[in-house]
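Remarks on the overall topology
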Amino acid sequence: MKKTLVTLLLAATGLIATAAHAETLRIGYQKYGTLTILKARGTLEPRLKALGWDIKWTEFPAGPQLLEGLNVGAIDFGTTGEAPPVFAQAAGANLVYVGNEPPTPTAEAIVVPKGSPIKTVADLKGKKVALNKGSNVHYLLVKALEKAGVAYTDIQTVYLTPADARAAFERGSVDAWVIWDPFLAAAEKQLGAQIITDGKGLVSNTQFFLAARPYAEKNPKVIAAVLDELDKTDLWASKNQADVVKELAPILGLAPEIVALAVSRYSYNVEPITAKTAEAQQKIADTFHKLGLIPKPIQIKDALVANK
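In this text, all values refer to a predicted model and were calculated from it rather than measured experimentally.

**As for the sheet that holds strand 9 (residues 194-198)**
- Strand order across the open sheet formed by five strands is 7-6-8-5-9, with mixed pairing between neighbours. Across the chains shown, the open sheet's two edge strands, defined by having one partner strand only, are strand 7 (156-159) and strand 9. Averaged over neighbouring strand pairs, the angle between their axes works out to 30° when direction is ignored.
- Here strand 6 (residues 128-131) pairs with strand 8 (residues 176-180) via two bridges, running parallel. Residue pairing for strand 8: V129 is matched across the bridge by A176.

Listed below in structure tokens is the structure:
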């Protein structure tokens, strides 16, 4: 009885380590990339547990929605493609780039239905094209049209989430769809969708890791630990793609052959943001502003870790 009372008193005063309240890192993820693999493997949880942190994972349909969650304080960390951070920064989100993975230009594409008369990007003039506004594929569409000599205003953009875009694509409500993996791989394998161009030679399609600036500045050790575990996951995944497929297929709810196609187009390795990468992001921001897709010019350097 006395031992129990002492234990309760120690716990109440916080002197028993196991009774300490853990902080929670809130991570936003999508059905894409190595952050999803990290979640599936479960190696981050014990790493952060040692630092006194728990993890809450929240799934988002695409990058713009994920960064909106970060902007309103629903998450602390997440990953997106190139365009979402540009739109988010233009909307006033207090975010920072904390790392990136190598380019994956073939992991996004413009597709048309099987048997479509549309064979080239130039054929999209006057057509309805579905995409998630502000997502990584938004820049692919801009650059593909530019190369084909088609004005952005000469097509009808239909802004839909991946799930809604697929439904519209299947029923023929849109003529083309700009989409990324694994939705791209699923459209190819399940619907016979035809790629008229992917990002190769047009865009980098770099995946970025981002955090809320107040969180990153207050908890640099946690961010460093997450990036380190991501890098370890990338190293493992690059050498064990068959195992990656086994891990992801049930999580994504997709057949192994679809996941295998998507995984084959992943890039692996966590890198720091370089001047070259920041310059490429600035070019995207300037392009979007010129087209009137973001309301004001922005400076990517303002969203880098070294800046306060």
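Picking up after the structure, the text goes on.
**Here's the deal with the packing of helix 10 (residues 220-239) against helix 11 (residues 241-252)**
- Interhelical geometry of helix 10 versus helix 11 gives an angle of 110° and a closest axis separation of 5 Å. Taken together, helix 10 and helix 11 sit at an angle that is classed as roughly perpendicular. Taken together, the residues of helix 11 that come into contact with helix 10 (itself represented by W236, A237, S238 and K239) are Q241, D243, V244 and E247.
- Within the contact of helix 10 with helix 11, the residues separate by chemical class into three nonpolar, two polar and three charged.

**Focus on the confidence of the model for the protein**
- When pLDDT is averaged across the protein, the result is 91; 92% of the residues are at 70 or more.
- Contacts from residues 1-20, a stretch scored under 50 in pLDDT, to residues over four places away or in other chains number five contacts.

**Description of the packing of aromatic side chains**
- What the rule picks out here adds up to ten aromatic pairs.
- Ring plane angle 80° and centroid distance 5.1 Å describe the contact between Y97 and F208, whose orientation is recorded as edge-to-face. Taken together, the residues span a long stretch of sequence, with Y97 in strand 4 (residues 95-100) and F208 in strand 10 (residues 208-212) at a distance of 111 residues.
- Y97 gets classed as buried once you look at its relative accessible area, which sits at 2%.
- Overall, F208 belongs to the buried group, its relative accessible area being 1%.
- Ring geometry for Y139 against F288: centres 5.9 Å apart, planes inclined by 90°, an arrangement best described as edge-to-face. Highlighted residues: Y139 in helix 6 (residues 136-148) and F288 in helix 13 (residues 275-290), separated in sequence by 149 residues.

**Structural notes on the packing of helix 4 (residues 63-71) against helix 5 (residues 83-90)**
- Remark: helix 4 packs on helix 5, axes separated minimally by 9 Å, with the N-to-C direction vectors making an angle of 40°. In terms of axis orientation, helix 4 runs oblique to helix 5. Here helix 4 and helix 5 pass one another in a crossing that is right-handed. Taken together, the residues of helix 5 that come into contact with helix 4 (itself represented by G63, P64 and L67) are P84, P85 and A88.

**So, the nonpolar core**
- In terms of nonpolar packing, the biggest core is built from 105 residues, with F77 and F288 touching the most fellow members.
- Ranked by the residues each element gives to this core, the list is headed by helix 10, at eight residues.

**What about the sheet that holds strand 1 (residues 23-29)?**
- Reading across the sheet, the five strands line up as 2-1-3-10-4 and stay open at both edges, with mixed pairing between neighbours. At either margin of the open sheet sits one strand with a lone partner, and together these are strand 2 (53-59) and strand 4. Averaged over neighbouring strand pairs, the angle between their axes works out to 25° when direction is ignored.
- In this sheet, strand 3 (residues 77-80) lies alongside strand 1 in parallel orientation, the contact comprising two bridges.

How each quantity is defined
Residues numbered from 1 in each chain as written. Predicted model: local features only at pLDDT ≥ 70, side-chain atom pairs only at ≥ 80, totals over all residues. Heavy atoms only, no water. Pairing = 2+ DSSP bridges. Helix = DSSP H or I, 4+ residues; strand = E, 2+ residues; numbered from the N terminus. Axes fitted to C-alpha atoms, helices over the stretch in contact; angles between N-to-C directions. Parallel < 35°, antiparallel > 145°, perpendicular 65-115°, else oblique. Contact = heavy atoms within 4.5 Å. Nonpolar A, V, L, I, M, F, W, Y, C, P; charged D, E, K, R; others polar. pLDDT = per-residue confidence, 0-100. Phe/Tyr/Trp six-rings, centres within 6.5 Å; stacked < 30°, edge-to-face > 60°. Buried < 20%, exposed > 50% of the residue type's maximum accessible area, 1.4 Å probe, protein only. Left-handed = near helix turned anticlockwise from the far one by under 90°. Core = buried A, V, L, I, M, F, W, Y, C linked by side-chain atoms within 4.5 Å.

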